[in-house]
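Residue strings, one per chain:
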Amino acid sequence: MAVFQLPEAQRETVMLVYVEGFSYAEAAVVLDIPIGTVMSRLAKARERLADFLGEAGSKQKKAMSE
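Report on the accompanying structure. Bear in mind that the values here come from a model prediction, so they are computed numbers and not experimental data.

Counting its regular elements, the chain contains three helices and zero strands. What you see in the chain, going N to C, is helices and strands ordered as α-α-α. Out of the 66 residues belonging to the chain, those deemed buried represent 24%. Contacts spanning at least 24 positions in sequence make up 45% of the contacts within the chain whose residues lie at least 6 apart. Split by element, the accessible area of the chain, about 4700 Å² in all, is 58% carbon and sulfur.

A surface patch of nonpolar side chains, about 470 Å² in accessible area, is lined by Tyr18, Val19, Tyr24, Ile35 and Met39. Put simply, the parts of the chain that give the nonpolar patch at least two residues each are α1 (8–19) and α3 (35–65). Along the chain, the position of Val19 falls in helix α1. The class for Val19 is exposed, based on a relative accessible area of 53%.

This paragraph deals with α1. By the burial criterion, the buried members of α1 are Gln10, Thr13, Val14, Leu16 and Val17. Just downstream of α1 lies Gly21, where phi reads positive at about 85°.

Our focus in this paragraph is the environment of Ala28. Here Ala28 is to be found in helix α2 (residues 24–31). For Ala28, a relative accessible area of 8% corresponds to the buried category. Spatially, the C-alpha atoms of Ala28 and Val38 are 6.2 Å apart, while their sequence positions differ by ten residues. Leave out the neighbours within four places in its chain, and Ala28 touches Ile33, Pro34, Ile35 and Val38.

What counts, and at which threshold
- Residues numbered from 1 in each chain as written.
- Predicted model: local features only at pLDDT ≥ 70, side-chain atom pairs only at ≥ 80, totals over all residues.
- Heavy atoms only, no water.
- Helix = DSSP H or I, 4+ residues; strand = E, 2+ residues; numbered from the N terminus.
- Buried < 20%, exposed > 50% of the residue type's maximum accessible area, 1.4 Å probe, protein only.
- Contact = heavy atoms within 4.5 Å.
- Areas by Shrake-Rupley, 256 points an atom, 1.4 Å probe, with all protein chains shown as cover.
- Patch = residues over 30% accessible without salt bridge, like charges linked within 9 Å, V, L, I, M, F, W, Y side chains within 5 Å.
- Salt bridge = Lys/Arg side-chain N within 4 Å of Asp/Glu carboxyl O.

Now the structure itself:
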């Protein structure tokens, strides 16, 4: 699962917000970080996940065309 390849700080933030359903403000309190840092971590995590999924899709397309 791609989420487990994220750095720990990003993974924790993703899990709190997207899996557990915490608001950004609640996640900031739990992690003891500013809300802006929560937003930044989530943005970076989304970028990395898109990269992971894009690479996986490219590999699958290449394998299917061979």
